[in-house]
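Remarks on the overall topology
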Amino acid sequence: MRGIEVKNVSKSFKDTQALRNVSLTFEEGKIYGLLGRNGAGKSTLLNIISNRKYPNEGYVSVDGVPAAENDEALRKMFLINEMNLYPESMRVRDAFKVTKTFYPSFDEEYALKLSEMFELNIKKKIKSLSTGYQSIFRNVLALSVNVPYVFFDEPVLGLDAYHRDLFYRLLIEKYSEEPFTAVISTHLIEEVANVIEEVIIIKKGEILKNQSRDSILENSCTVSGTISQVDTYVSSLPAGAEVIGSDTIGGLKSVYICGDAGSRMPEGLERSAMDLQKLFIQLTSI
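So, a few notes on the structure that sits alongside this text.

The rules we used
Sequence order as written defines the numbering, with residues in each chain counted from 1. Two thresholds apply to this predicted model, a pLDDT of at least 70 for residue-level local features and 80 or more for giving and counting side-chain atom pairs, whereas whole-chain, interface and lining totals are computed over all residues. As a convention, hydrogens and water are excluded, and side-chain values are obtained from all of the structure's heavy atoms. Throughout this description, the term nonpolar core refers to a set of buried Ala, Val, Leu, Ile, Met, Phe, Trp, Tyr and Cys residues connected via side-chain atoms within 4.5 Å. Using a 1.4 Å probe on the protein chains alone, a residue whose accessible area is under 20% of its type maximum counts as buried, one over 50% counts as exposed, and one in between counts as partly exposed. The criterion used for residue contact is that any of the two residues' heavy atoms lie within 4.5 Å. A patch consists of residues exposed above 30% relative accessible area that lack any salt bridge, with like charges linked at up to 9 Å and nonpolar side chains (Val, Leu, Ile, Met, Phe, Trp, Tyr) linked at up to 5 Å. The Shrake-Rupley method, run with a 1.4 Å probe sphere, supplies the accessible areas, and residue values consider only the shown protein chains as cover. Each salt bridge in this description consists of a side-chain nitrogen of Lys or Arg and a carboxyl oxygen of Asp or Glu lying within 4 Å of one another. Only four residue types enter the charge count: Lys and Arg as positive, Asp and Glu as negative, with His and the chain ends excluded. Where a charge lies is defined by one atom per residue type, namely NZ (Lys), CZ (Arg), CG (Asp) and CD (Glu). We count a stretch as a helix when DSSP gives it H or I for four or more residues in a row; a strand needs E for two or more, and each element gets its number in order from the N terminus. At least two bridges found by DSSP between two strands is the condition for calling them paired. Between N-to-C directions, angles span 0 to 180 degrees; the directions come from axes that are lines fitted to C-alpha atoms, helices contributing only their stretch in contact. Each residue after the first adds 1.5 Å to the expected span of a helix. Lining residues are defined by having an atom within 4 Å of a point belonging to a cavity or pocket. Those points lie on a 1 Å grid over the protein atoms alone, cavities being sets where a 1.4 Å probe fits but cannot get out and pockets being open sets with protein on both sides within 12 Å along at least five of seven lines. Grid points are joined across faces, edges and corners, and a volume is the space filled by probe spheres set on the points.

Next up on the list: the nonpolar core. Within the largest apolar cluster, 55 residues are counted, with the highest numbers of intra-cluster contacts made by Phe137, Phe152, Leu171 and Leu276. Dropping the residues within four chain positions of it, Phe137 is found in contact with Tyr86, Val92, Ala95, Phe96, Leu120, Ile126 and Leu129. With 26 residues, the next largest nonpolar core counts Tyr32, Ala67, Leu74 and Ile200 among its residues.

This is the structure:
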């Protein structure tokens, strides 16, 4: 089986349960959004997948073989996060050369091209880079490494609007030319909504949603009207529909619904599409 399988993974740190029986699959050639609030378990999950942390229970496999302590499987994955694994005294250009020794498919020429586009000074020591340019350095590595599975943990941390837009454009360009599996872990939902194909929403270590972006949005909506009209409508919702939140202003009310809310809308009520950020907020607000 091709892809990364996470099966029944749990992880705790002293009194904190970071992940609870998480099972999911990252398929080949898709862009995933791993969405969650701070502390939801996103980074822990990615660290376990990449063998930087070990689960208390469960396992991870890559293309059908166990990932733990398996160099062949680990060479197929690349994770960037806030942690710097290179010596702080190392210069950017030397880090590119070192990466090439561990990942033979690393495209040093492309990395230099991206460095120029991002105005990353390759002569600088890694420790001297600002927060934004630390992120740029890591993103350049990830976009140049050319492995089947790349994980971006908060890739736009410290980046200005121009560089965030450039990163997303280059990611899509790279993916379009040679598809790979990209997992973007972030709480900046609005920015990635049009980039990702698959949505995984995690809350307090548990997976709430795991489906395509299009299907999750097609099966969610906002219904607005007077309080009495909306309450009457909600009381007769089909069994498959779930109210995940509501807002009330004066005598008006809006409810946020996941699932089949029916094709007919009673007179006086208005149904509108729900964007991914609003859906995320409602699902994770409680």
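Together, Arg91, Arg93, Lys123, Lys125 and Lys127 make up a positively charged patch on the protein surface. By the secondary structure assignment, Arg91 is in the loop between β6 (77-80) and α3 (92-102).

Now for the sheet that holds strand β12 (residues 242-249). Across the sheet, 4 strands lie side by side as β12-β13-β11-β14; this open sheet has antiparallel pairing. A strand with exactly one partner marks an edge of an open sheet, and here the two such strands are β12 and β14 (270-273). Sheet twist, expressed as the mean angle between neighbouring strand axes with direction ignored, is 20 degrees. For strand β11 (residues 220-226) and strand β13 (residues 252-258), the ladder comprises 7 bridges, and the chain directions are antiparallel. For Thr222, the partnering residue across the bridge sits in β13 and is Tyr256. Sheet strands touched by helix α9 (residues 227-235): β11, β12 and β13. Its angle to β11, the strand with the most contacts, is close to 135 degrees. Contacts between helix α10 (residues 276-284) and the sheet are confined to β11, β12 and β13, with β12 contributing the most and set at about 100 degrees to the helix.

It is worth spelling out the pattern of salt bridges at this point. Taken as a whole, this structure holds 10 salt bridges when the rule is applied. In this structure, Glu28 engages Arg2 in a salt bridge whose closest nitrogen and oxygen atoms are separated by 3.4 Å. In this pair, Glu28 is assigned in the loop between β2 (16-26) and β3 (31-35) and Arg2 in the segment before β1 (4-13), connecting sequence segments 26 residues apart. Given the relative accessible area of 44%, Glu28 is considered partly exposed.

Attention shifts here to helix α5 (residues 131-144). Between its terminal C-alpha atoms α5 stretches 20 Å, which fits the 20 Å expected from 14 residues at 1.5 Å a residue. Across the 14 residues that make up α5, a large majority, 12, are buried. Residues of α5 that are buried include every one of Gly132, Gln134, Ser135, Ile136, Phe137, Arg138, Asn139, Val140, Leu141, Ala142, Leu143 and Ser144, and no others. Buried residues in α5 make contact with β6, α3, α4 (108-118), β7 (149-153) and α6 (161-177). Looking at the residues trailing α5, positive phi occurs at Asn146, about 60 degrees.

Let us look at the layout of surface pockets. In this structure, the largest pocket encloses a volume near 570 Å³. Lining the largest pocket we find 23 residues, and of these Arg52, Phe78, Leu85, Tyr86 and Tyr103 sit closest to its centre. Broken down by secondary-structure element, the contributors of at least two residues to the lining of the largest pocket are α2 (71-74), β6, α3 and α5. In this structure, the second largest pocket encloses a volume near 290 Å³.

Turning next to the pairing of strand β4 (residues 57-62). Pairing analysis gives 5 bridges linking β1 to β4, with the strands arranged antiparallel. Bridging from a neighbouring strand, Ile4 pairs with Val62 of β4. The sheet contact formed by β4 and strand β5 (residues 65-66) spans 2 bridges and is antiparallel. Within the sheet, the bridge partner assigned to Ser61 lies in β5 and is Pro66. Hairpin connection from β4 to β5: 2 residues lie between these consecutive antiparallel strands, with Asp63 at a positive phi of about 50 degrees.

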